[in-house]
Every structure is written in structure tokens, then in C-alpha cells.
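# Tertiary structure, described
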Amino acid sequence: MAQKPMKIRAWMDGDRAMVKAIIFHPMETGLRKDKKTGKKIPEHFISEVFCKHGATTVLNCQWGTAVSKNPFMSFRFNGAKVGDTVSINWVDNQGNKESAQAQIK
Amino acid sequence: MNQSRRTFLKSTLAMGTVTVAIGAGLLSPSRVMAAQWPKTAFIASSMEAALNSLEGMNKTETSSAIKVDAPDIAENGAVVSVGIETSMTGAESITVLVPNNATPLAARYMLGKNTDGFINLRVKMRKTSDVVAVVKSNGKLYSAKKSVKVTLGGCGG
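Residues numbered from 1 in each chain as written. Chains lettered and ligands numbered in written order. Predicted model: local features only at pLDDT ≥ 70, side-chain atom pairs only at ≥ 80, totals over all residues.

### Describing the overall build of chain B
For chain B, the count of helices and strands is three helices and nine strands. In chain B, the succession of α and β elements from N to C terminus is α-α-α-β-β-β-β-β-β-β-β-β. In chain B, which comprises 157 residues, the share counted as buried stands at 36%. Residue pairs in contact within chain B that sit at least 24 positions apart in sequence constitute 66% of those at least 6 positions apart. (Helix = DSSP H or I, 4+ residues; strand = E, 2+ residues; numbered from the N terminus. Buried ≥ 20, exposed ≤ 12 C-beta atoms within 10 Å, placed from the backbone. Contact = placed C-beta atoms within 7 Å.)

Structure (C-alpha cells):
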């Protein structure tokens, strides 16, 4: 589960919108061992991220365990203007989810 | 006396139901996920197998229109910053692979119509490897790579 809410920043870079986001998530690979118990820590990772501009999907991500802890992402898209809403939703392999949105500046 | 016993039983029963509900809830997402999330591709142990399972082909054409931006030397394999940019028109998806990881497929990005062929992310790398970007455009796969030297592995294996 996310300890902290994700951060999204979106702004106009010329005529394109630029989005940067960071999600707080452990992204366990399932290969790491707990030092105290010696047991493997079960895998726990974000599998899918959906990014929308208003109601239009701009980016769908499918992630595996090789994406780093507290994943950072950025992308760019056309056809946006200042004040539009960008929303990001994610689900992980254990069924946790989070959604957040930001206004384009 | 009986009254409190009733209440106790009731609350215990209620708690039991909640636990069952949570149990069922925990089970269902993995089933739902299997339908959309390409599990076979993510657990594939070779790059070719992963691409085959994702796109139904593994032939990629090396393209200079794709730029992979990654460090020459990564001190920490757990966090390797990778940027991918392509000037290709009609790019449908960008797939990021690390061939020397146990499971090479790291991430796949499906681009919307208005989205630029531009992605930044951070990946884990077990050891020194190439970072391969595969772009799907007009039904063909194009690729570019960048070699990254890893001094400390990041997959905990």
C-alpha cells in the first residue's frame, strides 16, 4: 500500500503538456529475502497505470517487477491547454489502487 | 449475562464475515489482472519470448529514430534512470527490456493518439546489460539499445 499519496505535476511545455509523476510503492520483486526471518518477501508491484487527459486515455502502462521502487514516470502529449485535468490511476498485483489528478499549469 | 453473550457472538460472527469478504477480495484481483496484464510476457526469461508473447513476433529492426537515454555507468542497479524518445510517427507502444534481468520485460507503455513517443522511467538492473527499447509502429517493431554498466545489482537476488 502506498505510504504517501502520489505526486503529479503537469505543465505546458510549448504547445505540449508535460507530466511528471512519482508513486510511492515498495515494488517488491519477490526475490528479496527478509533479513530477520530468511523468508522471501512476496512480490508486490504496480502492474498497471492509466493516465488520462480529461476523459481521453493518453498512456496505459504495464509494469513488471523491474520498475524501481517509488516509480517515477514522465510523458508528454498534445492537444491540452492550461487548466485541463490529468488523472493517473494505478493498481498493483495485490489489488491496491490509488488515483489522483492534477491541473495543467 | 446472556445478553452480553449474545452481543459477543453477534460481533464475532460479523467479524468472521468481514474476514471472508477480505479473503475473497484478495483473490479476485489476480484473476481480473490476468485478463489484461500480460503475465506470460512478464515472466518470460528471454527477450525473444517476452516479445513473442506481447506482440506475436520478435523480429525488430534497429532504428536510429529511437533514442535511449541511460547512464553509461549506474552505481546503483536498483534505480537506473532511463529515457526513451522516438521521432517515429504512429508509434503505438514503447516496450522497455533489460535482457540480463531474470525477467527481461520491465515495462510497456501504450501510447494514446496525442501522446508523444517520449517516456521516462527508472528500472532495476541485476547486472551490466543493455537497455532495449522496442517501439511498435505500423505493425512493425523497431528497436534501439544502450549499454549500461552496473556496479551494484538491484534485484536483490
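### Quick look at the interface of chain B and chain A
Listed by partner, the interface residues are 35 residues for chain B and 30 residues for chain A. Secondary structure elements with two or more residues in the side of chain B that touches chain A: helix H1 (2–36), strand E6 (105–111) and strand E7 (115–123) of chain B. Ranked by the residues each element gives to the side of chain B that touches chain A, the list is headed by E7(B), at eight residues. Of the residues in the side of chain B that touches chain A, the class split is 20 nonpolar, 11 polar and four charged. Both strand E4 (residues 56–63) of chain A and E6(B) contribute to a ladder of five bridges, which runs antiparallel. Its bridge partner lying in E6(B), Trp63(A) is registered against Ala107(B). (Nonpolar A, V, L, I, M, F, W, Y, C, P; charged D, E, K, R; others polar. Pairing = 2+ DSSP bridges.)

### A few points about the nonpolar core
Of all hydrophobic cores here, the largest spans 60 residues; its most connected members are Ile94(B), Val96(B), Leu97(B), Ala106(B), Val123(B) and Ala133(B). Those residues in contact with Val96(B) that lie beyond four places of it in its chain are Val82(B), Ile84(B), Ala106(B), Ala107(B), Leu121(B), Val123(B), Val131(B) and Ala133(B). (Core = buried A, V, L, I, M, F, W, Y, C linked by C-beta atoms within 7 Å.)

### Let's talk about unusual backbone geometry
With a phi close to 50 degrees, Met27(A) is a non-glycine residue in the positive phi region. Assignment of secondary structure puts Met27(A) in the loop between strand E2 (16–22) and strand E3 (46–53). Look at Met27(A) and you get buried, because 22 C-beta atoms sit within 10 Å. The phi torsion at Asn138(B) lies on the positive side, around 50 degrees, for a residue other than glycine.

Treat this as a map of the structure, not an account of what it does.
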